[in-house]
Amino acid sequence: MAKTGITLTRRGLGAMLAVGLLAGGLAGCGNSDTGGDSDSGSSGGNSKLVIGFSQVGAESGWRTANTNSIKEAATTAGYELKFDDAQGKQENQIKAIRNFIQQKVDVIAFSPVVESGWDTVLKEAKDAKIPVILTDRAVDSADKSLYKTFIGSDFVKEGKLAGEWLVKEKSAATGPVNIVELQGTTGAAPANDRKKGFAEAIAANPNLKVVASQSGDFTRAGGKQVMEQFLRANPKIDVLFAHNDDMGLGALEAITAAGKTPGKDITIITVDAVKDGMQALADGKFNFIAECSPLLGPQLMDLAKKVKAGEEVPARVETEETTFTQEQAKTALPNRKY
Ligand code: GZL
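To keep things clear, this report deals only with the structure shown in the data block. Counting starts from 1 at the beginning of each chain's written sequence and moves along it residue by residue. Side-chain atom pairs in this predicted model are given and counted only at pLDDT of 80 or more, local residue features only at pLDDT of at least 70, and totals for whole chains, interfaces and linings cover all residues. Side-chain descriptors were evaluated using all non-hydrogen atoms of the structure, hydrogens and water having been removed beforehand.

1. Quick word on the site of the ligand
Rule in force here: Only a single heavy atom is needed: when it lies within 4 Å of a molecule or strand, its residue is near that molecule or strand. Any pair of nitrogen or oxygen atoms within 3.5 Å is treated as a polar contact; in protein, a donor-acceptor pairing is required on top of that, and neighbouring residues in sequence qualify only through side-chain atoms on both sides. Surface accessibility follows the Shrake-Rupley procedure with a 1.4 Å probe radius. Residue values consider only the protein chains on display as shielding. Secondary structure counts use DSSP, requiring at least four H or I residues in a row for a helix and at least two E residues in a row for a strand, with both numbered from the N terminus. Residue classes follow a fixed rule: Ala, Val, Leu, Ile, Met, Phe, Trp, Tyr, Cys and Pro count as nonpolar, while Asp, Glu, Lys and Arg count as charged, and any other residue, Gly among them, counts as polar. Where a domain begins and ends is set by an automatic assignment or by a domain database.
The full set close to the ligand counts 13 residues, and Glu59, Asp136, Arg137, Arg194 and Asp272 are the nearest of them. Ser60 is positioned such that a nitrogen or oxygen atom in its side chain is 2.9 Å from an oxygen atom of the ligand. Arg63 has a polar side-chain atom sitting 3.0 Å from an oxygen atom of the ligand. When the ligand sits alone it has 310 Å² of accessible area, and the protein chains cover 100% of it. Elements supplying a minimum of two residues to the shell around the ligand: helix H2 (61–77) and helix H6 (189–202). Partitioned by chemical class, the residues of the shell around the ligand number five nonpolar, two polar and six charged. Both domains that furnish three or more residues to the shell around the ligand are identified here as domain 1 (41–153 + 294–320) and domain 2 (155–292).

Set out below in structure tokens:
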């Protein structure tokens, strides 16, 4: 996907937001006992900005942290958040978006569970003149006017970083290195893009071969179940690439039950860097994690205020992220926010 827009560090955006909210809050404090932002809202400036948010579900530690970030940021900003948990179903997200349109919210934001199938409902929001912000996951709509901006990570890059680390780690291998891959939710942008980035990176070393790849739906249970199948069907597994920590954590149970030592017999690479994943990395059960930050709440509130006010916003706001080795995880763990 062609990238336009800006890449801001979380710190940079945080500072920008702090100034914005302080200005908004001060201006708002005189007009509302809730400290709501006075230059927002659809009527008279005294009403709170109302955001309708449709969340994928609660499938992983990452998702929980993302939900907490959004709810806390809305409270801090003094905005009203209508929050809907779609339990992993696109039809529930479409229903929620239609409800938000009916309720005439000021801004609609959502994390699309899958990339396709959104044009109709996004056109309804556009016709109702309600701006839409994509958070976390992208959609494959050809019509970019259906949403104002996307805020989230570069998933292809996350897959690439994972693959590049493995190419270095296995550079001395003289024979085949068999990789199994736990994909995220079928059709989800992070699953499609992490798979793409990883495959492109490992092509640098012909010894590295993905011998099995299947969705574990980003959940621990899914990771465990599919890893059990991988272990039964593949006598020699050298590496597991899991599209998120939770599937990797589920796979640990299957690997141990099969009498193998995770992190040693099977090299494990994951994405996210949530606390439980970082603990597994520090304990030597994982070998490498590419970070994917769920802390999008403050940036989302800042963007919502801007799109409601009709201000220009970048087409894409990417959060800066890093990677962790086992040693780096030990250092980072005590300060991990999620
Ligand atoms: C990525 C996010 C993914 C996480 C998973 O931004 O959409 O969904 O990597 C989560 O943990 O379930």
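Now that the structure has been shown, we can carry on.
2. Details of the side chain of Arg194
The cut-off we apply is this: Every residue pair with non-hydrogen atoms within 4.5 Å of one another is taken to be in contact.
Mapping Arg194 onto the fold places it in helix H6. Of the polar contacts made by the side chain of Arg194, one reaches the side chain of Glu158; its length is 2.8 Å. Excluding anything up to four places from it in sequence, Arg194 contacts Phe155, Glu158, Gly159, Phe218, Phe241, His243, Val271, Asp272 and Cys292.

3. What to know about the sheet that holds strand E7 (residues 177–183)
The test is simple: Pairing between strands is defined by DSSP: at least two bridges between the two strands are required. Convention adopted: a line fitted to C-alpha atoms gives each axis, helices being fitted over their contacting stretch, and angles between N-to-C directions are expressed from 0 to 180 degrees.
An order of E8-E7-E9-E10-E11-E13 is seen for the six strands of this open sheet, with the pairing classed as mixed. Here the strands that pair on one side only, and so sit at the sheet edges, are strand E8 (208–215) and strand E13 (323–324). The strands that helix H8 (residues 245–257) touches are E7, strand E9 (239–242), strand E10 (267–272) and strand E11 (288–291); relative to E10, the one it contacts most, it runs at about 155°.

4. Side note on the environment of Ile268
Within the secondary structure, Ile268 sits in strand E10. For the pair Ile268 and Phe288, spaced 20 residues apart in sequence, the C-alpha to C-alpha distance is 6.9 Å. The contacts of Ile268, once residues within four sequence positions are left out, are Leu240, Leu252, Ile255, Pro262, Gly263, Lys285, Phe286, Asn287 and Phe288.

5. A few points about the pattern of salt bridges
Definition in use: Salt bridges are identified by distance alone: a Lys or Arg side-chain nitrogen within 4 Å of an Asp or Glu carboxyl oxygen. Residue burial is assigned from relative accessible area. The probe radius is 1.4 Å, only protein chains are included, and a residue is buried under 20% of its type maximum, exposed over 50%, and partly exposed in between.
In total, this model carries 20 salt bridges according to the counting rule given. In this structure, Arg63 engages Asp136 in a salt bridge whose closest nitrogen and oxygen atoms are separated by 2.8 Å. One end of the pair, Arg63, is in helix H2; the other, Asp136, is in the loop between strand E5 (132–135) and strand E6 (149–152), with 73 residues separating them in the sequence. For the pair Arg63 and Asp136, a shared accessibility class is recorded, and that class is buried. For Lys330, the salt bridge is made with Glu327, and the minimal N-O distance between the two is 2.9 Å. With Lys330 and Glu327 both in helix H11 (residues 326–332) and three residues apart, this pair spans about one turn of that helix. Take Glu327: its relative accessible area is 51%, and that puts it in the exposed class. Salt bridges here are not isolated pairs; linked through shared partners, they connect Glu59, Arg63, Asp136 and Arg137.

6. Things to note about the environment of Val271
For Val271, the location among the structural elements is in strand E10. Residue class for Val271 comes out buried when judged on its relative accessible area of 0%. In this structure, Val271 is in contact with Glu158, Arg194, Phe241, Ala242, His243, Asn244, Asp245, Ile289, Ala290 and Cys292, ignoring residues within four places of it in sequence.

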